[in-house]
Amino acid sequence: MSDRRWFISHAGAGRAWAEWVGWQLLDAGHEIELDYWDWGAGDNFVLKMNAALERCRLLALFSPAYFEPERFTTPEWPP
């Protein structure tokens, strides 16, 4: 895991904030992994997220949408 590489986790509604945080971290000399910037269409989201968590520090942007049970993020939560 890199101390200078950050994975920014967010719900779809928080995309603008996630991108803003990403730009702030980049300006401060950090590396960023953000789904919209780094992952392609058709990539397995859960696998990409797990790989990012192994190599990056986590910065989670919590919002009400992040915790909605019907969101696609529910399968990513640990049991």
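For the structure, see preceding data.
Residues numbered from 1 in each chain as written. Predicted model: local features only at pLDDT ≥ 70, side-chain atom pairs only at ≥ 80, totals over all residues. Heavy atoms only, no water.

Student: How would you explain the nonpolar core if you had to name every residue and give the values?
Tutor: In this structure, Trp6, Ile8, Ala18, Val21, Leu25, Ile32 and Leu34 together form the largest nonpolar core, which totals seven residues. The set of elements that each furnish at least two residues to this core consists of β1 (5-10) and α1 (15-27). The greatest single-element share of this core, amounting to three residues, is contributed by α1. With residues up to four places along the chain from it excluded, the contact list for alanine 18 reads Ile8, His10, Leu34 and Leu61. (Core = buried A, V, L, I, M, F, W, Y, C linked by side-chain atoms within 4.5 Å. Buried < 20%, exposed > 50% of the residue type's maximum accessible area, 1.4 Å probe, protein only. Helix = DSSP H or I, 4+ residues; strand = E, 2+ residues; numbered from the N terminus. Contact = heavy atoms within 4.5 Å.)

Student: Can you lay out the sheet that holds strand β2 (residues 31-33) for me, pointing to particular residues and giving the numbers?
Tutor: Sheet strands pair via backbone hydrogen bonds, and the direction of the pair is either parallel or antiparallel. With parallel pairing, the three strands of this open sheet are ordered in space as β2-β1-β3. Each edge of the sheet is formed by a strand with only one pairing partner; in this case those strands are β2 and β3 (57-61). Going from strand to strand, the sheet's axes swing by 30° on average, the running direction of each strand aside. Where β1 and β3 come together, five bridges link them in parallel fashion. The partner of isoleucine 8 across the bridge, within β3, is leucine 59. Packed on one face of the sheet, α1 meets β1, β2 and β3 and runs near 170° to β1. Relative to β1, helix α3 (residues 45-55) is tilted by about 140°, and along the sheet it contacts β1, β2 and β3. (Pairing = 2+ DSSP bridges. Axes fitted to C-alpha atoms, helices over the stretch in contact; angles between N-to-C directions.)

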